[in-house]
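Observations on chain architecture
Residue-level listing of the chains:
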Amino acid sequence: MSNSYNPHEEIMHIVDKAAQLLGLEERDYTQLKYPERELKVSVPVRMDDGSIKVFEGYRVQHSGVRGPYKGGIRYHQNVDMDEVKALAAAMTFKCAVVDIPYGGGKGGITVDATKLSKGELERLTRKYTTLLFPMVGPHIDIPAPDVNTNEEVMAWFMDTYSMVNGQLTLSVVTGKPIALGGSLGRREATGRGVLIATREIAKKVGLDLKDATVAVQGAGNVGGTTALLLHREGCRIIAISDVSGAIYNENGLDIEDVVRFLRAERGRLLKDYDAPGLVRISNEELLQLKVDILVPAALENAIHEKNASSIGARVIVEAANGPTTTAADEILQKKGVTIVPDILANAGGVVVSYFEWLQNLQSVKWEEEEINRKLENIMVKAFHDVWSMAEKHGTSLRMGAFMLALERIVAAIKLRGITF
Ligand code: GLU
């Protein structure tokens, strides 16, 4: 990451532009430039060797104007306050794009989760939950999984919150295991949303998904599921990567086999996968492949000023949060690359989180078919709302998405008014 790159400033720059295009006055939205609340905690953990390590944790509540704060918890060595602030703000806009009644929040712990045992991860999560306790709740702030956190981590979060709260509180967190108040379809939801967004953009740009070539950066829950679903749609996944590098086969990878291999055990990496005809390339080379569709599904800042001009894709569907910097975005637009922005493309996860929360609050269980149908309706509507906004103002889809979201958030700000 270059020193000048500040993800929070990047997103606020886009918000300013969106406001200008909408003809808003500074006073209409200025509060969105500052998170409503920022919490930093120190999380002591008893390590397996008996030592005590203290980790830094965060929770940022960006805006609660449209509903309770909502957003994931990330475990990664690069987590810091600026990143969490940016990701929290992105959640506010994401929830507004798909028009679900949430504000935006995000949490994180600065930790390389791959270096921790399961027991250490559990103690870290439980301690972090107690430190967040006064700030979260089913109608206050509802966390969910993000990079390196999963259903098991959410189960620990829910259990610890419930213990401190003195009552079972399923709806305090989403992305839980099915056996513990989780929703059918939640695990695949972000990937399914990316698939729906890809289908819609393909129709618009006249791209046939049958045999379309795809490169996916990232093979976690989002990257892996997206690759599988696009493959089942008829696409040819010619490359996929993780932190250990990328694998490539110009005729298409056996992606079912790749994902099965990765998911068989915690910590499995692509460097240990092998198959006939497979070529190893770097993450940078993956981004440069001549493909119809590139899906960045890893971390922010993957496509930046220095590599943007060598991107070989026709369409980029942003499954990760913030994978394209503003400078890169401008270069790609000039090159004629169509980008489906993160706050639209990856919103499927939070949409099904919303369904999970609704089910928990009402103690009911929805069928998977119903969930997928409702997700499809919301994603398709959001896509077309964004497309119309972009078309009307002659802007990119990213700007269209931010304009649509900002319009909705500002309407809520005006109706609520500024108290005192
Ligand atoms: N972490 C996911 C995101 O960035 C999901 C958030 C949620 O479900 O609340 O959208």
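Described in the following lines is the structure provided in the data block. Computed from a predicted model, the values in this text were never measured in an experiment.

**Observations regarding the overall build of the protein chain**
In terms of regular secondary structure, the protein chain is built from 14 helices and 12 strands. In terms of C-alpha radius of gyration, the protein chain reaches 20 Å, essentially the compact-globule figure of 22 Å for 420 residues. The buried share among the 420 residues of the protein chain stands at 58%. Restricting to contacts in the protein chain with at least 6 residues of sequence separation, those with at least 24 account for 69%. In the protein chain, 49 side chains carry a positive charge and 54 a negative one; their mean positions are 3 Å apart.

**Some thoughts on helix H10 (residues 326-335)**
Thr-326, Ala-328, Asp-329 and Leu-332 are the residues of H10 that are buried. In a view along the axis of H10, the buried residues occupy a sector of 150 degrees, so they form one face of it. Its buried side turned inward, H10 meets helix H1 (7-22), strand E11 (315-317), strand E12 (338-340) and helix H14 (397-416). Directly after H10, the chain includes Gly-336, whose backbone phi takes a positive value near 85 degrees.

**As for the site of the ligand**
Taken together, the neighbourhood of the ligand is formed by 14 residues, with Lys-70, Lys-94, Pro-145, Asp-146 and Ser-353 sitting nearest. Between Lys-70 and the ligand, the recorded distance is 2.8 Å, taken from a side-chain N or O atom to an oxygen atom. Ser-353 has a polar side-chain atom sitting 2.6 Å from an oxygen atom of the ligand. Here the ligand loses 94% of its free accessible area of 290 Å² to cover by the protein chains. Mapped by element, the contributors of at least two residues to the shell around the ligand are strand E3 (69-76), helix H3 (81-97), strand E5 (141-145) and helix H12 (348-362). Of the residues in the shell around the ligand, the class split is 4 nonpolar, 5 polar and 5 charged.

**So, the environment of Ile-409**
Secondary-structure assignment places Ile-409 in helix H14. Using a relative accessible area of 1% as the deciding quantity, one classes Ile-409 as buried. Between the C-alpha atom of Ile-409 and that of Lys-365, which follows or precedes it by 44 residues, the distance is 31 Å. Excluding its chain neighbours within four sequence positions, the residues that come into contact with Ile-409 are Leu-32, Val-65, Arg-66, Thr-92, Phe-93 and Ala-96.

**Description of the nonpolar core**
One finds Phe-93, Val-97, Ile-240, Ile-293, Val-295 and Leu-406 to be the most contacted residues of the largest nonpolar core, which totals 91 residues. Broken down by element, the residue count for this core peaks at 12 residues, all from H14. Leaving out residues up to four positions away in the same chain, Val-97 has contacts with Ile-343, Leu-344, Ala-382, Val-386, Ala-401, Leu-404, Ala-405 and Arg-408. Of all hydrophobic cores here, the second largest spans 24 residues; its members include Val-41, Val-43, Ala-113 and Val-172.

Cut-offs used in this document
- Residues numbered from 1 in each chain as written.
- Predicted model: local features only at pLDDT ≥ 70, side-chain atom pairs only at ≥ 80, totals over all residues.
- Heavy atoms only, no water.
- Helix = DSSP H or I, 4+ residues; strand = E, 2+ residues; numbered from the N terminus.
- Rg over C-alpha atoms; globule rule 2.2 N^0.38 Å.
- Buried < 20%, exposed > 50% of the residue type's maximum accessible area, 1.4 Å probe, protein only.
- Contact = heavy atoms within 4.5 Å.
- Lys, Arg positive; Asp, Glu negative; His and termini not counted.
- Charge placed at Lys NZ, Arg CZ, Asp CG, Glu CD.
- Arc of directions from axis to C-beta.
- Near = heavy atom within 4 Å.
- Polar contact = N/O pair within 3.5 Å; in protein donor to acceptor, adjacent residues only side chain to side chain.
- Areas by Shrake-Rupley, 256 points an atom, 1.4 Å probe, with all protein chains shown as cover.
- Nonpolar A, V, L, I, M, F, W, Y, C, P; charged D, E, K, R; others polar.
- Core = buried A, V, L, I, M, F, W, Y, C linked by side-chain atoms within 4.5 Å.

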